[in-house]
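Residue-level structure breakdown
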Amino acid sequence: LIELVSLAIMKKPRTAVRSRPRKQASRQEGREKCVLSSSQVKPPTPNACAGTMPEFPGAPAGLARWQEEVVVQASVSPYHLFRGTAEVRAFRENLLRWYDREKRDLPWRRRAEGEVDLDRRAYAVWVSEVMLQQTQVATVIDYYTRWMQKWPTLQDLASASLEGVNQLWAGLGYYSRGRRLHEGARKVVEELGGHVPRTAETLQQLLPGVGRYTAGAIASIAFGQATGVVDGNVVRVLCRVRAIGADSSSALVSQHLWSLAQQLVDPARPGDLNQAAMELGATVCTPQHPRCSQCPVRSLCRAHQRVSHLGKGQAGVLEGDPCPPSSGQCRLCAPPSEPWDPTLGVTNFPRKASRRPPREECSATCVLEQPRAVGGPRILLVQRPNSGLLAGLWEFPSVTTEPSGQRQRQALLQELQRWAGPLPATRLRHLGQVVHTFSHIKLTYEVYSLALEGETPVTTTPPGARWLTREEFHTAAVSTAMKKVFRVYEGRRPGACKGSKRSPVSTPSSRKKPSPGQQLLDSFFRPHIPSDAPSLNSTAQ
């Protein structure tokens with residue numbers, strides 16, 4: 001009876017889910033799940049059939065996702081569902097009322113709300129959503145403001161150079177985001193008549209770098225499409241509200257969360273509802289220290305109910321709990337090997353799979369300087385390839401090499417000579433190390449310097465190389481890692497303050513530590529992590 005009730009209430013709008021006799025339904029559901037799991041997602045267990053459903057050629061993406069949701073919902077305990085329209089309505093109303101009162105005043109919200117032109121509104125949302133991937137809101141505000149001042153329309157961005165885009169993006173991390181945004185703007189202007197696609201499905205289909213989350217955010221906020229979104233904040237909110245303890249990155253849990261988000265989205269205010277759910281996760285339902293007393297949906301939160309009934313320092317399960325976490329039967333509950341931890345309270349949810357440590361690599365890099373160059377001292381930068389890590393950015397000449405030894409120096413000298421011709425090898429000095437972690441690589445830079453003191457100044461360079469002044473370096477499209485390397489070099493220059501590891505030149509990365517008040521403000525602006533972000537690893541870029 002519970003299965004039939006859950007099937008009846010969990011239906012796609014305007015589409016009825018037909019009920020069948022229980023045994024027949026169970027057999028048919030098993031066949032459907034096995035057929036629909038012929039995807040690239042590996043089943044969690046040998047006997048499981050759930051997975052990501054392939055979208056068959058010619059079949060609308062929306063239909064494929066609806067079929068996928070039906071299969072997932074049919075095998076889920078009602079404990080992890082919203083049990084009817086009254087509960088869904090209460091969630092929407094409470095959340096939107098709170099959002100209207102508490103939402104942060106952010107530049108992209110002001111711009112979108114005040115823009116009547118749909119394409120300009122979509123562009124404003126698009127830029128913000130891409131920048132907010134894996135990046136703190138407090139950091140994005142300045143970048144977004146400068147971006148929109150420089151390129152206020154899609155046409156302005158489409159006519160910009162990739163070099164200019166990389167230069168403004170420098171320091172924001174995940175540099176492929178800026179490149180894809182530039183590519184998308186050019187496609188809209190050159191191939192789509194200057195009009196942004198109006199639905200989540202066409203946005204994802206036609207625009208480079210736009211995944212399911214970003215497409216849903218643009219469609220709901222800019223165009224009012226009733227489509228749900230799931231980012232890292234929404235994952236946390238929904239996993240707690242419905243007590244989902246299984247690995248939140250698994251295919252089964254991901255499908256279920258998207259299904260819940262679609263059910264909850266308000267047809268009258270889809271963009272506001274989606275932003276409210278993300279705002280709740282960013283400011284109240286936070287990862288480590290949630291403020292449950294200020295949560296507008298705590299009365300509907302299964303995690304909060306569990307803490308309230310059991311007490312934070314007690315163990316056990318709720319009396320009459322239809323899906324006890326220790327049963328081992330439910331694939332949305334935490335496995336028996338990871339029982340409820342009473343000391344964690346609601347932060348038992350969500351559970352994430354253990355992260356694979358980043359692979360370690362070593363690179364030798366050299367700051368090659370002409371102290372007596374015409375117009376003042378200059379340093380050599382070379383451009384990285386147009387694909388791969390830090391594509392298209394500028395860096396000091398570098399080589400991937402062994403951690404130490406004479407071969408490292410030889411390989412680096414060969415690389416330097418490739419760009420600048422014969423060099424005095426005896427002047428190559430080792431200055432120290434810089435360790436920088438990307439999303440999947442822990443890279444140790446062995447930092448060297450070499451000064452061309454008595455040589456004739458180099459006036460010509462091969463393609464892909466530039467001699468820049470120190471001031472030009474700080475505004476160039478260089479990565480944060482290269483700025484760290486330069487600080488090591490500056491700290492070892494004659495006349496630098498002894499014991500100081502920071503550059504005497506004032507740069508954004510060398511400013512003093514924020515005050516306690518600023519740190520508190522920064523902690524309020526939690527990162528915004530969409531499900532289609534490059535990676536869920538929150539590491540330096």
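Residues numbered from 1 in each chain as written. Predicted model: local features only at pLDDT ≥ 70, side-chain atom pairs only at ≥ 80, totals over all residues. Heavy atoms only, no water.

Observations regarding helix H6 (residues 118–131)
Under the 1.5 Å per step criterion, the end-to-end length of H6 is 20 Å for 14 residues, consistent within 8% with the ideal 20 Å. Most of H6 is tucked away: 11 of the 14 residues are buried. Burial in H6 covers these residues: Asp 119, Ala 122, Tyr 123, Ala 124, Val 125, Trp 126, Val 127, Ser 128, Glu 129, Val 130 and Met 131. The N-cap of H6, judged by a side-chain oxygen 3.1 Å from the amide nitrogen of Asp 119 a few residues on, is Asp 117. (Helix = DSSP H or I, 4+ residues; strand = E, 2+ residues; numbered from the N terminus. Expected span 1.5 Å × (residues − 1). Buried < 20%, exposed > 50% of the residue type's maximum accessible area, 1.4 Å probe, protein only. Polar contact = N/O pair within 3.5 Å; in protein donor to acceptor, adjacent residues only side chain to side chain.)

Digging into the environment of Leu 412
Following the sequence through the fold, Leu 412 ends up in helix H17 (residues 406–420). Residue Leu 412 is classed as buried on the basis of its relative accessible area of 0%. Note: C-alpha distance between Leu 412 and Ser 363 (49 residues apart in sequence) is 9.3 Å. Once residues lying within four places of it in the same chain are set aside, the contact partners of Leu 412 are Ala 364, Thr 365, Cys 366, Pro 397, Val 399, Leu 428 and Tyr 448. (Contact = heavy atoms within 4.5 Å.)

Notes on the packing of aromatic side chains
Considering all chains together, one arrives at nine aromatic pairs under this definition. For the pair Trp 147 and Trp 151, a centre-to-centre distance of 4.7 Å together with 75° between the ring planes defines the contact as edge-to-face. Trp 151 matches Trp 147 in its accessibility class, with the two residues each being buried. Summarising the aromatic geometry, the rings of Phe 396 and Phe 473 are spaced 5.5 Å apart at their centres and angled 20° between planes, so their arrangement reads as stacked. On the criterion of sequence distance, the pair formed by Phe 396 in the loop between strand S4 (394–395) and strand S5 (398–400) and Phe 473 in helix H18 (residues 470–475) is long-range, its members being 77 residues apart. Through a chain of ring-to-ring contacts, three or more aromatic side chains come together here, namely Phe 396, Phe 473, Phe 486 and Tyr 489. The lysine or arginine in question, Arg 146, covers the ring of Tyr 143, its NZ or CZ lying 4.8 Å from the ring centre. The ring of Trp 258 has Arg 212 sitting right over it, with the charged end atom 4.0 Å from the ring centre. (Phe/Tyr/Trp six-rings, centres within 6.5 Å; stacked < 30°, edge-to-face > 60°. Lys NZ or Arg CZ within 6 Å of the ring centre and 35° of its normal.)

Considerations on unusual backbone geometry
Following Phe 349, the chain continues into Pro 350 via a peptide bond in cis, with omega recorded as -10°. Checked against the element boundaries, Pro 350 lands in the loop between helix H16 (302–310) and strand S2 (359–370). A positive phi angle, near 60°, is found at Gln 134, a position not held by glycine. Looking at the secondary structure, you find Gln 134 in the loop between H6 and strand S1 (135–136). We classify Gln 134 as buried; its relative accessible area is 11%. With a phi angle near 50°, Ala 243 is a residue other than glycine that sits in the positive phi range. Of note, Ala 243 is situated in the loop between helix H13 (232–241) and helix H14 (251–264).

Observations concerning empty space enclosed by the protein
Counting across every chain of the model gives five cavities of 30 Å³ or more. Computed from the structure, the largest cavity encloses a volume of approximately 120 Å³. Lining the largest cavity are 15 residues; nearest its centre among them are Arg 240, Cys 285, Cys 292, Cys 295 and Cys 301. Per element, the largest residue contribution to the lining of the largest cavity is three residues, and it comes from H13. In the lining of the largest cavity, the residues fall into 11 nonpolar, one polar and three charged. (1 Å grid on protein atoms, 1.4 Å probe; cavity = no way out; pocket = protein on both sides within 12 Å on 5 of 7 lines; lining within 4 Å. Points joined across faces, edges and corners; volume = space filled by probe spheres on them. Nonpolar A, V, L, I, M, F, W, Y, C, P; charged D, E, K, R; others polar.)

A few points about the nonpolar core
Considering soluble globular proteins, one finds that nonpolar side chains tend to be buried as a cluster. Grouped together as the largest cluster of nonpolar side chains are 116 residues, with contacts concentrated most on Leu 95, Trp 126, Met 131, Trp 147, Leu 280, Phe 396 and Tyr 445. Looking at which domains feed residues into this core, each of domain 1 (85–312 + 328–348) and domain 2 (359–491) supplies at least three. The contact partners of Trp 126, leaving out residues within four places of it in the chain, are Leu 154, Leu 181, Gly 184, Ala 185, Val 188, Leu 207, Val 210, Thr 214 and Ile 218. Residues Leu 412, Ala 420, Leu 428 and Ala 465 belong to the second largest nonpolar core, which totals 18 residues. (Core = buried A, V, L, I, M, F, W, Y, C linked by side-chain atoms within 4.5 Å. Domains from an automatic or database assignment.)

Observations regarding the pairing of strand S6 (residues 429–437)
Of the pairings in the sheet, the one linking S6 to strand S7 (residues 441–451) comprises eight bridges and is antiparallel in character. Paired with His 436 across the bridge in S7 is Leu 443. Linking two consecutive strands that pair antiparallel, namely S6 and S7, is a turn of three residues. (Pairing = 2+ DSSP bridges.)

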